[in-house]
Amino acid sequence: MELIQTNPDLSAYLAADEAIDHHHPLVREVSARLAGQVADSYAYAQAAFEFVRDTIPHSQDSGDLRVTWRASDVLEQGTGICYAKAHALAALLRAEDIPTALCYQTFDVVHGLVAVRFDGAWHRQDPRGNKPGVDARFSLDGERLAFTPDPQAHERDHPELYAAPHPAVLAALKAAPDRPRLWDSLPTAL
């Protein structure tokens, strides 16, 4: 699948917005700590991915009822669903000047991922969090995502790379008072 930038200006994939608030002091603190432990931007991208994947539980897996959507809130509260975790990872990567896009897959509902740009190409990553049957890994040599869509079941990868969260995703996150009600309002299509 060929990934498609929805904004031709690469600097849009470095920008901050209300969800990807990479200028927030907590995001800067975490990014500085991670950057201080690695030698280059490739190693930083992997460290940031593993930090979000492994230290911020997916709220469905952990049973956490809170809904987070802003990157700094995900880091502060230590919880989020796939979209929120993607926002946190995008903020950490953009804080270190790594172009990062938001992208999606559709299963029963829309699933959130990120794509990082290295060596002139985009590489999708899934910080959702591993569990039995899910083994997502950081990779620039081929995708190691949590889930693979089954076209026969009307599941699909979306090739579009967004500089900001998709409006349907952001609206669902912002409107939900808790995760059970969020589950009832998750987008099923983009």
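Caption draft 1: Broad picture of helix H1 (residues 25–35). When we look at burial in H1, the residues that qualify are Val27, Val30, Ser31 and Leu34. The buried side chains of H1 occupy one side of the element, clustering within an arc of 95 degrees when seen end-on. Those residues of H1 that are buried are in contact with helix H2 (41–55), helix H4 (71–77) and helix H5 (82–95).

Caption draft 2: Focus on the pattern of salt bridges. Within this structure, the stated rule accounts for 11 salt bridges. Here aspartate 54 makes a salt bridge to arginine 53, at a shortest N to O gap of 2.5 Å. Of the charged contacts, one joins aspartate 135 and arginine 144 as a salt bridge, the two residues approaching to 3.5 Å between their closest N and O atoms. With a relative accessible area of 36%, aspartate 135 lands in the partly exposed category. Classification of arginine 144 by relative accessible area gives partly exposed; the value is 37%.

Caption draft 3: Local environment of the sheet that holds strand S4 (residues 121–125). Read from one edge to the other, the open sheet built from 4 strands follows the order S4-S3-S2-S5, with strand pairing classed as antiparallel. Pairing within the sheet leaves two strands with one partner each, and these edge strands are S4 and strand S5 (156–157). In the sheet, strand S3 (residues 110–118) pairs with S4 via 5 bridges, with the strands oriented antiparallel. In the sheet register, arginine 117 faces S4, and the bridge partner there is tryptophan 122.

Caption draft 4: The arrangement of H2 in detail. Its 15 residues place the ends of H2 20 Å apart at the C-alpha level, agreeing with the 21 Å of an ideal helix rising 1.5 Å per residue. Buried within H2 are the following residues: Tyr44, Ala45, Ala47, Ala48, Phe49, Phe51, Val52 and Arg53. Considering only its buried residues, H2 is in contact with H1, H4, H5, S3 and S4. Capping of H2 at its N-terminal end is provided by aspartate 40; its side-chain oxygen lies 3.2 Å from the backbone amide nitrogen of tyrosine 42.

Basis of the calculations
Residues numbered from 1 in each chain as written. Predicted model: local features only at pLDDT ≥ 70, side-chain atom pairs only at ≥ 80, totals over all residues. Heavy atoms only, no water. Buried < 20%, exposed > 50% of the residue type's maximum accessible area, 1.4 Å probe, protein only. Helix = DSSP H or I, 4+ residues; strand = E, 2+ residues; numbered from the N terminus. Arc of directions from axis to C-beta. Contact = heavy atoms within 4.5 Å. Salt bridge = Lys/Arg side-chain N within 4 Å of Asp/Glu carboxyl O. Pairing = 2+ DSSP bridges. Expected span 1.5 Å × (residues − 1). Polar contact = N/O pair within 3.5 Å; in protein donor to acceptor, adjacent residues only side chain to side chain.

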